[in-house]
Amino acid sequence: SQQGEEDPQALSIQEGENATMNCSYKTSINNLQWYRQNSGRGLVHLILIRSNEREKHSGRLRVTLDTSKKSSSLLITASRAADTASYFCATDASPASKLTFGTGTRLQVTL
Amino acid sequence: DAGVIQSPRHEVTEMGQEVTLRCKPISGHDYLFWYRQTMMRGLELLIYFNNNVPIDDSGMPEDRFSAKMPNASFSTLKIQPSEPRDSAVYFCASRGTSGYNEQFFGPGTRLTVL
């Protein structure tokens, strides 16, 4: 399986702090995506980074990708209580059109 | 757009009963995916369709599971007979052909088999 591994499994921070989550994967990819899942809800796409990109920003999100190490990180800056959720990385590897999801990081942001 | 619609949202059944989960993808999307999420195994892809045709069902756990997509706007996942170990949250997701394989998830069906 090329399922990604994420660390940490759980992260607890205070509002205003930055949160960093890491994802490692096993095979070559076309792109890597990050999703958020609020408790009891479906996954929501956050950001995508292509294999030829090294860094991407979207609002308070910053994603990096190191294809030589087969790893990615997601940084959430100035976290808010509403950021409390599980975060998953997902890899898109050709030729299949499917995504392979990581194990997820549970983020708790406290006031 | 209403997004991906799944029904029912919750299902409680007894072991041995047939369970049918339903999904309506986003209009215009030609890929549909069925996932299962449990604490132990995380998010697993069960099967996916392209233009209503099953492409990869290697994730379907056993013959008790079957999925169909009779048209572009409807898909079912059936478990017959159900077992307690099938208890999980089942998600349907869809995507279009353009773009970079971003998937849109439904709210999920929480299945409990007693």
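Residues numbered from 1 in each chain as written. Chains lettered and ligands numbered in written order. Predicted model: local features only at pLDDT ≥ 70, side-chain atom pairs only at ≥ 80, totals over all residues. Heavy atoms only, no water.

1. Considerations on the state of the cysteines
In step 1: A full pass over the atoms with the stated rule returns two disulfides over all chains.
In step 2: With a sulfur-sulfur separation of 2.0 Å, A:Cys23 is cross-linked through a disulfide to A:Cys89. Between A:Cys23 and A:Cys89 the sulfur-sulfur dihedral comes to about 65°; the bridge is accordingly right-handed. A residue pair is termed long-range when its members are at least 10 positions apart, and A:Cys23 in strand E3 (residues 19–24) and A:Cys89 in strand E9 (residues 85–92) qualify at 66 residues.
In step 3: According to the relative accessible area criterion, A:Cys23 is buried, its value standing at 2%.
In step 4: Residue A:Cys89 is classed as buried on the basis of its relative accessible area, which comes to 1%.
In step 5: Here B:Cys23 pairs with B:Cys92 through a disulfide, and the sulfurs are 1.8 Å apart. Residues B:Cys23 and B:Cys92 are joined through a disulfide that is left-handed, its torsion about the S-S bond being -65°. (Disulfide = S-S within 2.5 Å. Helix = DSSP H or I, 4+ residues; strand = E, 2+ residues; numbered from the N terminus. Buried < 20%, exposed > 50% of the residue type's maximum accessible area, 1.4 Å probe, protein only.)

2. Side note on the pattern of salt bridges
Residues and elements named next belong to chain B.
In step 1: Under the defined criterion, the tally for this structure stands at 12 salt bridges over all chains.
In step 2: For glutamate 18, the salt bridge is made with lysine 78, and the minimal N-O distance between the two is 3.8 Å. Here the residue glutamate 18 occupies a position in the loop between strand E2 (10–13) and strand E3 (19–24), and lysine 78 occupies one in strand E8 (residues 74–79), the gap between them amounting to 60 residues.
In step 3: Since its relative accessible area comes to 45%, glutamate 18 is described here as partly exposed.
In step 4: The salt bridge partner of glutamate 83 is arginine 64, with a shortest N-O separation of 3.5 Å. Here glutamate 83, found in the loop between E8 and strand E9 (88–95), pairs with arginine 64, found in the loop between strand E6 (53–56) and strand E7 (65–71); they are 19 residues apart in sequence, far enough to count as distant.
In step 5: Judged by relative accessible area, glutamate 83 falls into the partly exposed class, the value being 23%.
In step 6: On the basis of relative accessible area, arginine 64 is assigned to the buried category, the value being 10%. (Salt bridge = Lys/Arg side-chain N within 4 Å of Asp/Glu carboxyl O.)

3. A word on the sheet that holds E7(B)
Residue and element names in this part refer to chain B.
In step 1: Across the sheet, four strands lie side by side as E1-E3-E8-E7; this open sheet has antiparallel pairing. Here the strands that pair on one side only, and so sit at the sheet edges, are strand E1 (5–7) and E7. Shown here is a sheet whose adjacent strand axes are inclined to one another by a mean of 15°, direction ignored. (Pairing = 2+ DSSP bridges. Axes fitted to C-alpha atoms, helices over the stretch in contact; angles between N-to-C directions.)

4. Considerations on the side chain of A:Asp92
In step 1: Inspection of the secondary structure puts A:Asp92 in strand E9.
In step 2: Despite being buried, A:Asp92 has no salt bridge partner; B:Arg95 is the closest side chain of opposite charge, sitting 6.1 Å away.
In step 3: Once residues within four sequence positions are removed from consideration, A:Asp92 is found in contact with A:Ile29, A:Asn30, A:Asn31, A:Lys98, A:Leu99, B:Tyr100 and B:Asn101. (Lys, Arg positive; Asp, Glu negative; His and termini not counted. Contact = heavy atoms within 4.5 Å.)

5. A few points about the interface of chain A and chain B
In step 1: If you look at the interface, chain A gives 19 residues, while chain B gives 20 residues.
In step 2: Overall, the association of chain A and chain B removes approximately 1,500 Å² of surface from exposure, summing both partners, and the carbon and sulfur fraction of that is 50%.
In step 3: If you sort the residues of chain A by the area they bury against chain B, A:Leu43, A:Ser97 and A:Lys98 come out on top, with a joint share of 33%.
In step 4: Across the contact surface, chain A and chain B share one salt bridge.
In step 5: Two residues, A:Lys98 and B:Asp56, come together in a salt bridge whose shortest N-O distance is 2.7 Å.
In step 6: Inspection of the chain A/chain B interface yields three residue pairs in polar contact (both at pLDDT 80 or more).
In step 7: Elements with a minimum of two residues in the side of chain A that touches chain B: strand E4 (31–37), strand E5 (43–50), E9 and strand E10 (99–101) of chain A.
In step 8: Of the residues contributing to the side of chain A that touches chain B, the split by class is seven nonpolar, eight polar and four charged. (Buried area = accessible area lost by both parts, 1.4 Å probe. Polar contact = N/O pair within 3.5 Å; in protein donor to acceptor, adjacent residues only side chain to side chain. Nonpolar A, V, L, I, M, F, W, Y, C, P; charged D, E, K, R; others polar.)

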